[in-house]
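Fold and geometry: a report
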Amino acid sequence: MFTKTPAATSATGSTATAAPTVALASAPGDGPIAHAVGVSDDEFRAALSRLAAGVVLITAHDPDAGPRGEDAGMTATAFLSVSLDPPLVMVSVRNDSRMDDLLAQQPLWAVSVLSGHQRHVAARFAMKGRISDRLLFQDIPSVRGEASGAPLIGGALATLECRTEQRVVAGDHTLVIGRVLAATASAKDDGPLTYFRGKYRQLG
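Per chain, residues are indexed from 1 in the order of the written sequence. Selection of residues for local features in this predicted model requires a pLDDT of at least 70, selection of side-chain atom pairs for listing and counting requires 80 or more, and totals for whole chains, interfaces and linings are taken over all residues. Each side-chain value is worked out from all heavy atoms of the structure, with water and hydrogens disregarded.

Here we look at the sheet that holds strand E14 (residues 199-202)
When DSSP locates at least two bridges between a pair of strands, those strands are taken to pair. A run of DSSP states H or I qualifies as a helix once it reaches four residues; a run of E qualifies as a strand once it reaches two. Both are numbered from the N-terminal end. What the 3 strands build is an open sheet, ordered E3-E13-E14; its pairing is antiparallel. A strand with exactly one partner marks an edge of an open sheet, and here the two such strands are strand E3 (53-54) and E14. Examined bridge by bridge, strand E13 (residues 193-196) and E14 share 4 bridges and lie antiparallel to one another. Note that in E14 the partner of Thr-194 across the bridge is Arg-201.

Dropping the structure here:
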């Protein structure tokens with residue numbers, strides 16, 4: 001699964017230089033359209049769907065949305081550790097999404113690593129035709145991170161608070177690399193929420 005906002009589940013503009021456009025070429029016959037390098041969108045998605053991925057919720061506070069600002073969230077599976085010294089992580093966000101637009105202006109954000117019991121959180125923030133950001137956070141326990149000002153989801157396996165250090169445009173997504181300012185890990189022995197072959201799954 002690719003990082004997405006629910007349509008934030010998945011969530012515009014970018015400060016980085018646009019990447020070169022890849023030309024498309026028609027595949028022989030009535031098959032799917034293949035890129036110039038030969039692989040089709042369907043083939044690419046099918047192959048990558050076999051890669052199990054952890055599920056996280058990316059959150060940030062938008063200080064310009066209303067008099068008190070507003071929190072925004074996006075379910076993501078394209079999230080990984082980049083470096084130990086300094087501590088860096090990376091998340092991939094879809095270009096022109098709500099979260100891409102916000103993180104282009106707001107350098108502080110947070111990550112909640114979801115447990116297998118938080119499928120409803122992942123689904124809510126990844127749904128299409130999403131409701132307002134404010135309503136998405138209703139009934140979901142959270143605390144505000146001291147380092148980022150972003151919501152940290154209650155019951156998460158771990159939380160990280162980050163400050164953006166670099167943004168790299170890569171095709172139709174932007175890779176946001178952040179320095180970890182604070183991190184916590186739950187003492188509970190819950191299994192993680194994973195995404196495999198187009199479905200959320202509980203491990204352990």
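Some words on a nonpolar patch on the surface
Only residues whose relative accessible area exceeds 30% and that form no salt bridge are eligible for patches; like-charged ones are grouped when within 9 Å, while nonpolar side chains (Val, Leu, Ile, Met, Phe, Trp, Tyr) are grouped when within 5 Å. Exposure was quantified through the Shrake-Rupley algorithm and a 1.4 Å probe, taking into account, for residues, occlusion by the shown protein chains and nothing else. Only one rule defines a salt bridge in this text: a Lys or Arg side-chain nitrogen within 4 Å of an Asp or Glu carboxyl oxygen. Residues Val-37, Val-39, Phe-44, Leu-48 and Leu-51 make up a contiguous nonpolar surface patch of roughly 450 Å² in combined accessible area. Note on placement: Val-37 falls in the loop between strand E2 (34-35) and helix H1 (41-48).

Observations concerning the packing of aromatic side chains
Only rings of Phe, Tyr and Trp enter the pairing, Trp through its six-membered ring, and a pair is recorded when the two centres are within 6.5 Å. The plane angle decides the type: under 30 degrees is stacked, over 60 is edge-to-face, the rest tilted. Counted according to the given criterion, the structure contains 2 aromatic pairs. Considering the side-chain rings of Phe-125 and Phe-137, the 5.0 Å spacing of their centres and the 65° angle between planes classify their relative orientation as edge-to-face. Taken together, the residues Phe-125 in the loop between helix H3 (119-124) and helix H4 (133-136) and Phe-137 in the loop between H4 and strand E9 (142-144) connect sequence positions 12 residues apart. For the pair Phe-125 and Phe-137, one class covers both residues: buried. Between Tyr-195 and Tyr-200 the ring centres are 5.1 Å apart and the planes differ by 65°, which places this aromatic pair in the edge-to-face class. A 1.4 Å probe rolled over the protein chains alone gives each residue an accessible area, and that area as a share of the maximum for its type sets the label: buried under 20%, exposed over 50%, partly exposed in between. Looking at Tyr-200, the relative accessible area reads 16%, which means it is buried.

What to know about the environment of Arg-98
Along the polypeptide, Arg-98 turns up in helix H2 (residues 98-105). You can call Arg-98 partly exposed: its relative accessible area is 23%. Considering only alpha carbons, one finds Arg-98 and Met-74, 24 residues apart in sequence, at a separation of 8.7 Å. Identification of polar contacts relies on pairs of N or O atoms within 3.5 Å, with a donor-acceptor requirement for protein atoms, meaning one able to donate a hydrogen and the other able to accept it, and with residues adjacent in sequence counted only if both atoms are side-chain atoms. Polar side-chain contacts of Arg-98 include one of 3.1 Å to the side chain of Asp-62.

Concerning the pairing of strand E6 (residues 79-83)
Two faces make up the sheet, and in a regular strand the side chains alternate between them. Of the strand pairs in this sheet, E6 and strand E7 (residues 88-94) are connected by 4 bridges, and their pairing is antiparallel. Within E7, the position partnered with Ser-83 by the bridge is Leu-88. Between E6 and E7, which pair antiparallel in sequence order, lie 4 residues.

Remarks on the sheet that holds strand E11 (residues 158-170)
The 7 strands are arranged E5-E4-E8-E11-E12-E7-E6 in an open sheet whose pairing can be described as antiparallel. If you trace the sheet from one side to the other, it starts and ends with strand E5 (70-76) and E6, each paired once. Neighbour-to-neighbour, the strand axes of this sheet turn through a mean angle of 35°, independent of strand direction. Pairing geometry for strand E8 (residues 108-113) and E11, over 6 bridges, is antiparallel. Bridge assignment links Leu-108 to a residue of E11, and that residue is Arg-163. We call two residues contacting when some pair of their heavy atoms lies within 4.5 Å. Axes here refer to lines fitted to C-alpha atoms; in helices the fit is confined to the stretch in contact. Angles between the N-to-C directions go from 0 to 180 degrees. Along the sheet, H2 contacts strand E4 (56-62), E5, E7, E8, E11 and strand E12 (173-185); its crossing angle with E4, the most-contacted strand, is approximately 55°.

Observations regarding the environment of Val-93
For Val-93, the location among the structural elements is in strand E7. Along the chain, Val-93 and Ala-78 lie 15 residues apart, while their C-alpha atoms are 8.2 Å from each other.

Structural notes on the pattern of salt bridges
Enumeration according to the criterion identifies 8 salt bridges in this entry. With a shortest N-O distance of 3.8 Å, Glu-165 and Arg-163 are connected by a salt bridge. Residue Arg-163 is classed as partly exposed on the basis of its relative accessible area, which comes to 35%. Among the ionic pairs, Arg-179 bridges to Glu-165, the shortest N-O distance being 2.6 Å. One end of the pair, Arg-179, is in strand E12; the other, Glu-165, is in strand E11, with 14 residues separating them in the sequence. According to the relative accessible area criterion, Glu-165 is partly exposed, its value standing at 40%.

Thoughts on the side chain of Asp-62
By the element assignment, Asp-62 lies in strand E4. Every residue in contact with Asp-62, bar those within four places of it in the chain, is listed here: Gly-69, Glu-70, Arg-98 and Leu-102.

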